[in-house]
Amino acid sequence: MWTLVGRGWSHGRALAVWAAGTAQRGRLEPLPTPTRGAPAEFRAWDRLYTSAERKEKIDMSRFSVENIRNFSIIAHVDHGKSTLADRLLELTGTIDKTKNNKQVLDKLQVERERGITVKAQTASLFYNWEGKQYLLNLIDTPGHVDFSYEVSRSLSACQGVLLVVDANEGIQAQTVANFFLAFEAQLSVIPVINKIDLKNADPESVEKQIEKVFDIPGDECIKISAKLGTNVERVLQAVIERIPPPKVHRINPLRALVFDSTFDQYRGVIANVALFDGVVSKGDKIVSAHTKKIHEVNEVGVLNPNEQPAHKLYAGQVGYLIAGMKDVTEAQIGDTLYLHKQPVEPLPGFKSAKPMVFAGMYPIDQSEYNNLKSAIEKLTINDSSVTVHRDSSLALGAGWRLGFLGLLHMEVFNQRLEQEYNASVILTTPTVPYKAVLSSAKLIKDYREKEITIINPAQFPEKSKVTEYLEPVVLGTIITPDEYTGKVMMLCQARRAVQKNMIFIDQNRVMLKYIFPLNEIVVDFYDSLKSLSSGYASFDYEDAGYQTAELVKMDILLNGNIVEELVTIVHKDKAHSVGKAICERLKDSLPRQLFEIAIQAAIGSKIIARETVKAYRKNVLAKCYGGDITRKMKLLKRQAEGKKKLRKVGNIEVPRDAFIKVLKTQSDK
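The structure presented is a predicted model; accordingly, all values stated were derived computationally and were not measured.

Trainee: Just checking my understanding: could you explain the overall build of the chain for this structure?
Mentor: Across its full length, the chain holds 18 helices and 31 strands. For the chain, the residues scored as buried account for 52% of the 669 residues in total. Restricting to contacts in the chain with at least 6 residues of sequence separation, those with at least 24 account for 69%. Looking at the chain as shown, the accessible area adds up to about 32,400 Å², and 49% of this sits on carbon and sulfur atoms.

In structure tokens, the structure reads:
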């Protein structure tokens, strides 16, 4: 390089050539020793290099398997998981104790704005107790039903859980669901009653609820206030005493489970791994069991909660691994990594997430298609529960049909696309996956199966081609104070639900179980439930298969033209009310034009509802002061003809924000 400078190259140009060469080789190499009088930019780069090299790496070998504990925090929404995680990080000295420590592990902008956890986050804590140093790997999980897939994945890397319950609200629907996820995975459960500092807190009553619903003795509950830090030390001690160390073998060949991954623009895929066997270090050649591709490990380390490089990762530990994977498909979540030429039996991985809601996603401008495609690929590596199918629409062009776990999941995904990748998209109305049993042998031959799944309402087959339609159903759990039971039951009946069970948890609270058609609850059931129970009722659901239903395809027409993006599939009994509601909402959402807009809902050729958006109208008679009626009639007739002509050529655009607003059904009275 100094030769280049000697030849008359500028220092900046020579530095750029050197930097490009080192980037190509994938490692930071020291500059040749600068001669006396070397320019400042070279000396600065040399300092950067040496400080990067000297960055202290942790020696993870000092933690024997007996001194490792891997655990998750699970709870209902807003019961204090992230606050408890903040206190645990402070107690173990992982972060400094300041007043600004709020949602430290919630790193996404969308999480901080909404005050919810969306992504499970990992942190390794070092804790001294009774003369021994322990490695505690903590995973903070989301609480909303839409992100239960994140919880189930996190539990695969754990041996125990902290089940946090609010001392004020008691056991809620998602508390029950998360407990059974941990119970099925055969994990140790430590119940923690949080928010005991609140004025209305009743920890004794919550203790009895835990004993009755989960069959956990009341004396095992730890009563804490995560906000004030009261009794939190006991939680750490309980983790060490009650959660077993991982059952692993360090002498066996490497076997690591990828349980989460993120995409870094410069370093490629950063995989979060749980090591079940063996050791991994920088320079090792690893193979993915899924793709069979070989990669060289560039860096390993632990999250503390920020990345902290380590010399090696050992079996039983949870950390991150960077191996120059540049393609988003190379680090599948649930994949097993092993050393080259030392193949092992792959780990079971994860049950793939089953999408509950489908929506079309299109770029606002078709020139942005490739950028949006890249953004969706990068975001789906971080959120593997989203399914992607290519799709196209006459009105909106090329796009995708995406499958989500719920409506909040869809909104968060859209928000992350905008915030993290600056991508603006059009989202069509959310639908659920229906099935149709085909009637003729010719159709079965065309589709290559008798039962087809319909995720796009525009492809809904006609009744003449089908023996029966099937709609997805879910088993819903509602926990509510008993004074709202009557209202909640009426709401469920209005949504075509069938009651299965009713249990009194204590004197004041009831647990109801219903079988719901999924399309009745997917958009606004949760909002309706919260409003009629003054916010006290909670709701959770799980998949319960399919059932026969009388379904029809309803088209929405604007001046006789079908709006493909607003086509919906509805139950026959509800077609009229849903059609009327959509027309009314569309009337409120569409801007007025210089011509009249007829909004119609139709099943086949039969119009079942209609609304009209009146045209803007100039007062053409303003200049007529008295005078003959024929003069006025002539002016009005000419105006009517102009409006008629405009109506033929006028284009009506449905505003972007109208789509979800239009689908929201009328509030149940």
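Trainee: I keep staring at helix 4 (residues 81-91) and nothing clicks. Help me out?
Mentor: Since there are 3.6 residues in each turn of an α-helix, residues three or four apart along the chain are aligned in direction. Among the 11 residues of helix 4, 9 are classified as buried, and the element is accordingly described as predominantly covered. Taken residue by residue, helix 4 has Lys81, Ser82, Leu84, Ala85, Asp86, Arg87, Leu88, Leu89 and Glu90 as its buried positions. Elements that come into contact with the buried residues of helix 4 comprise strand 1 (68-75), strand 2 (121-129), strand 3 (132-140), strand 4 (160-166) and helix 9 (232-242). Note on helix 4: the residue one or two positions beyond its end, Gly93, has a positive phi of about 75°.

Trainee: What's the story with the sheet that holds strand 13 (residues 307-310) in this structure? I'm lost.
Mentor: The strands making up a sheet associate through backbone hydrogen bonding, with each pair oriented either parallel or antiparallel. Here 8 strands make up an open sheet; going across it, the order is 11-10-16-7-8-15-12-13 and the pairing antiparallel. The open sheet terminates on both sides in strands that have one partner only, identified here as strand 11 (294-296) and strand 13. On average, each strand axis in the sheet is tilted by 40° relative to the strand beside it, whichever way the strands run. Pairing of strand 10 (residues 285-288) with strand 16 (residues 336-339) involves 3 bridges; the strand directions are antiparallel. Residue Ile286 lies in a different strand from strand 16, and its bridge partner there is Leu339. Packing against the sheet, helix 10 (residues 369-382) makes contact with strand 7 (255-264) and strand 8 (268-277), and its axis sits at approximately 145° to strand 7.

Trainee: For this particular structure, what's the right way to read the environment of Leu518?
Mentor: Mapping Leu518 onto the fold places it in helix 14 (residues 518-521). Ignoring sequence-local partners within four residues, the contact set of Leu518 consists of Met356, Val432, Pro472, Val473 and Val474.

Trainee: Any chance you could explain the packing of aromatic side chains here in plain terms?
Mentor: Remark: the centre distance and the inter-plane angle together describe each pair of aromatic rings, the angle taken between the planes. Evaluated as defined, the whole model comprises 13 aromatic pairs. Arranged with centres 5.2 Å apart and planes meeting at 75°, the rings of Phe179 and Phe180 form a pair that is edge-to-face. A residue is classified by how much of its surface remains accessible, and Phe180, at 36% relative accessible area, is partly exposed. An angle of 10° between the planes, with centres 4.7 Å apart, marks the rings of Tyr369 and Trp400 as stacked. You can see Tyr369 sitting in helix 10 and its partner Trp400 sitting in strand 19 (residues 397-404), a full 31 residues away along the chain.

Trainee: What should I look at first to understand the side chain of His79 in this one?
Mentor: Residue placement: His79 occurs in the loop between strand 1 and helix 4. For His79, the residues in contact, after removing those within four places along its chain, are Val164, Val165, Asp166, Glu169, Gly170, Gln172, Thr175, Asn194 and Lys195.

Trainee: Whenever I open this one, the pairing of strand 23 (residues 466-481) confuses me. Can you help?
Mentor: Put simply, side chains in a regular strand alternate between the two faces of the sheet. Along strand 23, 13 of the 16 residues are buried, which leaves the element largely enclosed by surrounding structure. The pairing of strand 21 (residues 434-438) with strand 23 spans 4 bridges and is classified as antiparallel. Residue pairing across strands places Ala436 opposite Tyr469, the latter belonging to strand 23. In the sheet, strand 23 pairs with strand 25 (residues 509-517) via 9 bridges, with the strands oriented antiparallel.

Trainee: Please clarify how the packing of helix 13 (residues 485-494) against helix 15 (residues 525-532) should be interpreted in this entry.
Mentor: The packing of two helices is summarised by the inter-axis angle and the distance between the axes. With their axes 10 Å apart at the nearest point, helix 13 and helix 15 run at an angle of 160° to one another. With respect to helix 15, the element helix 13 is oriented roughly antiparallel. Read as a crossing pair, helix 13 and helix 15 show a hand that is right-handed. Counting all contacts with helix 13, which are made through Lys487, Val488, Leu491 and Cys492, the residues of helix 15 involved are Phe525, Ser528, Leu529 and Leu532. Class assignment for the residues of the contact of helix 13 with helix 15 results in 6 nonpolar, 1 polar and 1 charged.

Calculation rules
- Residues numbered from 1 in each chain as written.
- Predicted model: local features only at pLDDT ≥ 70, side-chain atom pairs only at ≥ 80, totals over all residues.
- Heavy atoms only, no water.
- Helix = DSSP H or I, 4+ residues; strand = E, 2+ residues; numbered from the N terminus.
- Buried < 20%, exposed > 50% of the residue type's maximum accessible area, 1.4 Å probe, protein only.
- Contact = heavy atoms within 4.5 Å.
- Areas by Shrake-Rupley, 256 points an atom, 1.4 Å probe, with all protein chains shown as cover.
- Pairing = 2+ DSSP bridges.
- Axes fitted to C-alpha atoms, helices over the stretch in contact; angles between N-to-C directions.
- Phe/Tyr/Trp six-rings, centres within 6.5 Å; stacked < 30°, edge-to-face > 60°.
- Parallel < 35°, antiparallel > 145°, perpendicular 65-115°, else oblique.
- Left-handed = near helix turned anticlockwise from the far one by under 90°.
- Nonpolar A, V, L, I, M, F, W, Y, C, P; charged D, E, K, R; others polar.

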